[in-house]
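# Per-entry structural report
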Amino acid sequence: MAATTMKASFPLLMLLGIVFLASECVSSDPENPFIFESNNFQTLFENDNGHIHLLQKFDERSKILENLQNYRLLEYKSKPRTIFLPQQTDADFILVVLSGKAILTVLKPNDRNSFNLERGDTIKLPAGTIAYLVNRDDNEDLRVLDLALPVNRPGQLQSFLLSGSQNQQSILSGFSKNILEASFNTGYEEIEKVLLEEHDKETQHRRSLRDKREHSQEEDVIVKLSTGQIEELSKNAKSSSKKSVSSESEPFNLRSRSPIYSNKFGRFFEITPEKNPQLQDLNVFVSSVEIKEGSLLLPHYNSRAIVIVAVNDGNGDFELVGQRNENQQGQRKEDDEEEEQGEEDINKQVKNYKAKLSRGDVFVIPAGYPVAIKASSNLDLLGFGINAKNNQRNFLAGEEDNVVIQIHQPVKELVFPGSAQEVDRLLENQKQSHFTNAQPQHKERGSRETRDPLYSILDAF
Amino acid sequence: MAATTMKASFPLLMLLGIVFLASECVSSDPENPFIFESNNFQTLFENDNGHIHLLQKFDERSKILENLQNYRLLEYKSKPRTIFLPQQTDADFILVVLSGKAILTVLKPNDRNSFNLERGDTIKLPAGTIAYLVNRDDNEDLRVLDLALPVNRPGQLQSFLLSGSQNQQSILSGFSKNILEASFNTGYEEIEKVLLEEHDKETQHRRSLRDKREHSQEEDVIVKLSTGQIEELSKNAKSSSKKSVSSESEPFNLRSRSPIYSNKFGRFFEITPEKNPQLQDLNVFVSSVEIKEGSLLLPHYNSRAIVIVAVNDGNGDFELVGQRNENQQGQRKEDDEEEEQGEEDINKQVKNYKAKLSRGDVFVIPAGYPVAIKASSNLDLLGFGINAKNNQRNFLAGEEDNVVIQIHQPVKELVFPGSAQEVDRLLENQKQSHFTNAQPQHKERGSRETRDPLYSILDAF
Amino acid sequence: MAATTMKASFPLLMLLGIVFLASECVSSDPENPFIFESNNFQTLFENDNGHIHLLQKFDERSKILENLQNYRLLEYKSKPRTIFLPQQTDADFILVVLSGKAILTVLKPNDRNSFNLERGDTIKLPAGTIAYLVNRDDNEDLRVLDLALPVNRPGQLQSFLLSGSQNQQSILSGFSKNILEASFNTGYEEIEKVLLEEHDKETQHRRSLRDKREHSQEEDVIVKLSTGQIEELSKNAKSSSKKSVSSESEPFNLRSRSPIYSNKFGRFFEITPEKNPQLQDLNVFVSSVEIKEGSLLLPHYNSRAIVIVAVNDGNGDFELVGQRNENQQGQRKEDDEEEEQGEEDINKQVKNYKAKLSRGDVFVIPAGYPVAIKASSNLDLLGFGINAKNNQRNFLAGEEDNVVIQIHQPVKELVFPGSAQEVDRLLENQKQSHFTNAQPQHKERGSRETRDPLYSILDAF
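What counts and what doesn't
Residues numbered from 1 in each chain as written. Chains lettered and ligands numbered in written order. Predicted model: local features only at pLDDT ≥ 70, side-chain atom pairs only at ≥ 80, totals over all residues. Heavy atoms only, no water. Helix = DSSP H or I, 4+ residues; strand = E, 2+ residues; numbered from the N terminus. Buried < 20%, exposed > 50% of the residue type's maximum accessible area, 1.4 Å probe, protein only. Contact = heavy atoms within 4.5 Å. Areas by Shrake-Rupley, 256 points an atom, 1.4 Å probe, with all protein chains shown as cover. Buried area = accessible area lost by both parts, 1.4 Å probe. Polar contact = N/O pair within 3.5 Å; in protein donor to acceptor, adjacent residues only side chain to side chain. Nonpolar A, V, L, I, M, F, W, Y, C, P; charged D, E, K, R; others polar. Salt bridge = Lys/Arg side-chain N within 4 Å of Asp/Glu carboxyl O. Least-squares fit on C-alpha atoms with pLDDT ≥ 70 in both. Axes fitted to C-alpha atoms, helices over the stretch in contact; angles between N-to-C directions. Parallel < 35°, antiparallel > 145°, perpendicular 65-115°, else oblique. Left-handed = near helix turned anticlockwise from the far one by under 90°. Pairing = 2+ DSSP bridges.

### Topic: the overall build of chain A
- Scanning chain A from terminus to terminus reveals 12 helices and 27 strands.
- When the 461 residues of chain A are sorted by exposure, 62% land in the buried category.
- When contacts within chain A are restricted to residue pairs at least 6 apart in sequence, long-range pairs at least 24 apart make up 74% of them.
- Approximately 17800 Å² of chain A is accessible, and the part contributed by carbon and sulfur atoms is 45%.

### Some words on the environment of Leu298 of chain C
- Here Leu298 of chain C is to be found in strand β19 (residues 295–302).
- C-alpha separation for the pair Leu298 of chain C and Ser433 of chain C, spaced 135 residues apart in sequence, amounts to 7.7 Å.
- The contact partners of Leu298 of chain C, leaving out residues within four places of it in the chain, are Ser183 of chain A together with Val371, Phe395, Ala397, Gly398, Gln430, Gln432, Ser433, His434, Phe435 and Thr436 of chain C.

### Side note on the interface of chain B and chain A
- At the junction of the two partners, chain B supplies 79 residues and chain A supplies 82 residues.
- For the pair chain B and chain A, the two sides together bury roughly 7000 Å², of which 53% comes from carbon and sulfur.
- When the buried area of chain B at its contact with chain A is split by residue, Pro109, Arg153 and Asn185 of chain B rank highest and sum to 10% of it.
- The interface formed by chain B and chain A includes 22 residue pairs in polar contact (both at pLDDT 80 or more).
- Among the elements of the structure, β2 (41–47), β5 (82–89), β7 (102–108), β8 (111–117), β12 (159–161), α3 (177–184), α4 (188–194) and α6 (227–234) of chain B are those that each provide at least two residues to the side of chain B that touches chain A.
- Considered class by class, the residues forming the side of chain B that touches chain A number 31 nonpolar, 28 polar and 20 charged.

### Topic: the interface of chain C and chain A
- Contacts between the two partners involve 83 residues from chain C and, on the opposite side, 79 residues from chain A.
- Both faces considered, chain C and chain A share a buried interface measuring about 7100 Å² in area, 53% of it formed by carbon and sulfur atoms.
- Looking only at chain C, the three residues that lose the most surface to chain A are His408, Leu414 and Pro417 of chain C, adding up to 11% of its buried area.
- Joining chain C to chain A, the criterion identifies two salt bridges.
- The tally of links from chain C across to chain A stands at 22 residue pairs in polar contact (both at pLDDT 80 or more).
- Counting residues per element, the side of chain C that touches chain A draws most heavily on helix α9 (residues 409–415) of chain C, which supplies six residues.
- Here the residues of the side of chain C that touches chain A sort into 32 nonpolar, 31 polar and 20 charged.

### Re the relation of the copies chain B and chain A
- Of the transformation placing chain B onto chain A, the axial shift is 0.1 Å and the rotation is 120°, giving an RMSD of 0.1 Å. The relationship between the two copies is best expressed as a three-fold rotation axis. Judged by C-alpha distance, Asp281 of chain B is the residue of chain B that lies nearest the rotation axis, at 7.9 Å.

### Focus: the packing of helix α9 (residues 420–428) of chain B against helix α5 (residues 188–195) of chain C
- As a packed pair, α9 of chain B and α5 of chain C sit with axes 9 Å apart at the nearest point and diverge in direction by 140°. By the criterion of interaxial angle, the relationship of α9 of chain B to α5 of chain C is oblique. Between α9 of chain B and α5 of chain C lies a crossing whose hand is left-handed. Touching Glu422, Val423 and Leu426 of chain B of α9 of chain B are Glu190, Ile191, Lys193, Val194 and Leu195 of chain C, all from α5 of chain C.
- Considering only residue class, the contact of α9 of chain B with α5 of chain C consists of five nonpolar, no polar and three charged.

### What to know about the pairing of strand β23 (residues 362–365) of chain A
Residue and element names in this part refer to chain A.
- By the alternation rule, side chains of β23 split into Val362 and Val364 and Phe363 and Ile365, which are all buried.
- Examined bridge by bridge, strand β1 (residues 35–36) and β23 share two bridges and lie antiparallel to one another. Across the sheet, Phe36 pairs through a bridge with Val362, a residue of β23.
- Bridge count for strand β20 (residues 306–313) against β23 is four bridges, and the pairing is antiparallel. Considered in β23, the bridge of Val309 is made with Phe363.

### Let's talk about the sheet that holds strand β11 (residues 142–150) of chain B
Residues and elements named next belong to chain B.
- Strand order in this open sheet of seven strands is β2-β3-β4-β11-β6-β9-β15, and the pairing throughout is antiparallel. In the strand order of this sheet, the two ends are held by β2 and β15 (252–253), each with one partner.
- Both strand β9 (residues 121–125) and β15 contribute to a ladder of two bridges, which runs antiparallel. Counted as the bridge partner of Asp121 is Asn253 from β15.

### A word on the side chain of Asp121 of chain C
- In this structure, Asp121 of chain C sits in strand β9 (residues 121–125).
- Only 2.8 Å separates the side chain of Asp121 of chain C from the side chain of Asn253 of chain C, close enough to count as a polar contact.

### Some details on the packing of helix α4 (residues 177–184) of chain A against helix α5 (residues 188–195) of chain A
All names here are of chain A.
- Where α4 contacts α5, the axes come no closer than 9 Å and their chain directions differ by 85°. Judged by the inter-axis angle, α4 sits roughly perpendicular to α5. Of the residues in α5, those in contact with Lys177, Leu180, Glu181 and Phe184 of α4 are Tyr188, Ile191 and Leu195.
- Within the contact of α4 with α5, the residues separate by chemical class into five nonpolar, no polar and two charged.

### Quick notes on the pattern of salt bridges
- This model, assessed by the stated rule, comprises 47 salt bridges over all chains.
- Note that Asp281 of chain B is salt-bridged to Lys124 of chain B, the shortest N-O span being 3.0 Å. Separated by 157 residues along the polypeptide, Asp281 of chain B in the loop between β17 (266–271) and β18 (284–291) and Lys124 of chain B in strand β9 bring together distant segments of the chain.
- Look at Asp281 of chain B and you get partly exposed, because its relative accessible area is 45%.
- One salt bridge in this structure joins Lys63 of chain C and Glu66 of chain C, with 3.7 Å as the shortest N-O distance.
- Because the salt bridges share partners, they merge into one network encompassing Arg119, Arg255, Arg267, Glu290 and Asp380 of chain A.

The values are spatial; any link to function lies outside them.
Next up, the structure:
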């Protein structure tokens, strides 16, 4: 909020502004269960070549997010010319490339498919799929966001690696020697030498045994690749179709269809379960939203979807309107006071949940909660909508898709303090739809002064 | 039970009868988790123009109703010529008009639809739909029953109002001033004057500021309408189709199809998910049952549906057959005594859960539990069946749909103490199906005396 | 494991072997939440004619099996020429005949169907269906396995009997006298005499009253039948179609289709929801697996199904590969130590969950967990796969359906210590697919000695 008003660069104002921002961040966080920052991620794996981060469980943060208990968010990042070694996880994944260039290989019992992926490419990896992911670029990092839906236990993920590593054993090493000998029809020493890591011996010893191999990081999950290896993995790799988003198993790009909302202030792309068969049984939509610097995504709400949004790039402000006593109902039994169920209980005060947004932040928009998002620099958002089927986005301002305009004239007078004519005149003042300028174009100076203490300070200079 | 035997109007018997009834009501309640009475409703809103009541959570009452944890029941009532102002809730609704005449307006982003509703008209309101409901009648109260399926949190509802009121703020007032200014492209003073209530000032002051408006109740959720306003809202309002129940979004009437069971003792109407697309994804049936005074809905059970029934009108008796130790299995771990898993544990005694029914009561019939309902005055019931798809109603008495009759002759002899011929003769004694006279037509005097203490008293006179 | 190496029958070795086996069984059990033995079953009913056993709740055993909370396993056994009297349960059932010959009668409101069932015949009994099951054979016991999916409460079953018995009252006796009189249009004495048991009087008295009937066991749930009665019940009984498995309501045989995997070491039959409409809404597959004595079902995992397997016959060994810290993630909050989220936390060690299998044991294979099963005598397994739709079985060894073979050559070098050529040569050593000999055919003597202490002892003789 303050950020967009600080065009005048007086040092003192800057200082004040920063203090203001800092205090706002600190104060808004503990009581805003809808925003997740970098410290809400846990590192599952990290080495010089990249990392995998897992966002804390949504329902652990707040009971308000209880219906997200079987959804987890993973962020993956790797350096140029590396590979995330073959593994499978007991969860369905929706994988979206945030930036960089990848080759994703997906194994089947009698087949394999490789895909060239770029920014916005999206694919469902069904639970149990063995896959490996290459950063094929020479310079750019690869960043991937995954929505995971575990199949064994609600909200619990478990990955199985074919390779052993310093940190994690290969799944093959979990079988007893005689099962392995019968399975591979070979003596155990041979199996151990060719397929397994020797975890019983010390690291030092193991290293010396493997002098033949160049990379010591190959003991890890994300390892370097040579140019030749990348070339070999690139063979037969298909690119995501730019025309269609309707394949059962091939990647699709979020921008392959026209944006559902678009003007000079921003663009909103969305692939729904109705448009893509991969999203149907998971009942999830995936959206990509660009808000230009100094622009605003107008206040709106999702009719039935709960949306998990990650900030891919840029900075901005997020405002969500909820209710102050939203979980009193659930707590009533703990209060043990039946009298409290009376009139006062429904004195519902709306509550503004606000947060500064920057790259890597995640926020959740519950169904029905109005939200508005302002970009202080070009803002790039990626959203996963849970319970997506038949979701409708209802706007509360702007020319199109504005449900407020639809109210009957006599009802407008009952709803709002102004007359129906006054209300209509005011609503028509916004000629834009969906996105607009975050600075009102027609506001009078007077009203500004009364509401922002920074302005008085600014005026003093 | 006693009520139907009290045809002889001796004052003493009346007195005894009333005492008997009273003691039965008090004693049956605490141990009958399937019946809900008026004190199990909580008032969400109430003013001179009407109220909204919410039934307590089913699973809060008893673990036996655990599978109803995401279903809530709402009762709405309003005076003639009033409107329930525009709002949206984070739950799917199935709305049924119990009595009165309504206009329901449903808003969409670029459209609106209004419907004239009467008794039995039913419509699904998807979560997040902004709607307003008018009582268009000059004399009759409007009464509506809603089954709600929340989308954000199991069993938790949250409503969002466009209008501010004494008790609840408008959702627009939840956004910060600069978001509102940019959204409406207007200065905040104008927005405040035309769209928002001023909650910071005192009520007294606020009232004086709004002298221009006639109704002080317009600060509330249910407010009065003038005849002219109702006329304007009636324009273009469609009526529910009396012929078809297959529309995706228009209301249908529960009685638009022939009753599935009907005779001179009662009628049973039912709209299933198979018959109506609006009920398909919620997997709910809606039924309307009329039992004439002195008649009985024969013992039967639902094969897989759990049915929530509200008494719309009349009085009667409800008997449900369950098992005494039904939740011992779940408690076994707490007992810490493995030995208790033995033979005695399965000494299952059936249990008769009975309750007196009167207007406004709600009861639940679990799947598989046999139930019978007797009307002491014309009884009008409205039912919502959860898990409705492929539900079958199996009767245990009567001519048609009676599963007992289907048992092979030699098995009948093993099941029942009588011979197969005796069993068949007894079963054929009931010529009616589904509904019958609550007083047996062929019973011998002798058997009556032995089982009802009231009869001996009666004989004394 | 030891069992298959004990071909030489030296007494001392036998003794050692038995001690070895015994200690293994005792030690593996408490920390293996995936295996259930006879003491994990609870007796619901038992008399001279048979019994019904219910396996403990899966999620009671371990939180790892949380997603099985609404699945229960029932085992039913009856003597030749007996009947399990009519009853209905508040759960959907998938019923499979393990051995013996049955007549199953299913009642509908205006119809009944009887089916002759044999080993491998499978049918879905929807919740609330009244059914009775006859052992029609003169000599062989009837053994049936049921997967139950309760509809009223998660994991809780409740059965309703039409007949009264010593242990359990008939559901009709749960209604009050006046409801029964009106329902059957008959005096209560007649109803009591023909339809109800008199539970208020003493057993002694009751017995004397029923001198007319031959069998005192008819007070129980499983009772004897005469040859004449069986003949009458056999009339019009249909047999399961051997050609088609696509009926909506008729039984199908697990072996009516070709096995999906088959060689001289074993056969694997599977009916999936895609193949049979009865399994579609329950989303369950049913499989029947035969592993020949001395053979091995090769290491593989199910991509998304959680499989509940019962040992119908034979003995063997089961190895499941999981991870040691699999539920630390969930427990992290209880630890109250944020620092523990670091690097060490992902030092995941694979864990071998092993168990001896014998008739009547049940084990669970979570999705994604690799499993191998070895038969020490002909092993016959019956599996129910939960979350079956689109499940894929990925093998880790063998010629066909082996996902490891699909890995790109350069990636193989990164995954395994050996070169790609070495890995391929090793993988190609196993010419069999799916099933193989549990004794490797080409192993060198040397490697054997180093890994099994029994061999050194054996050599000493």
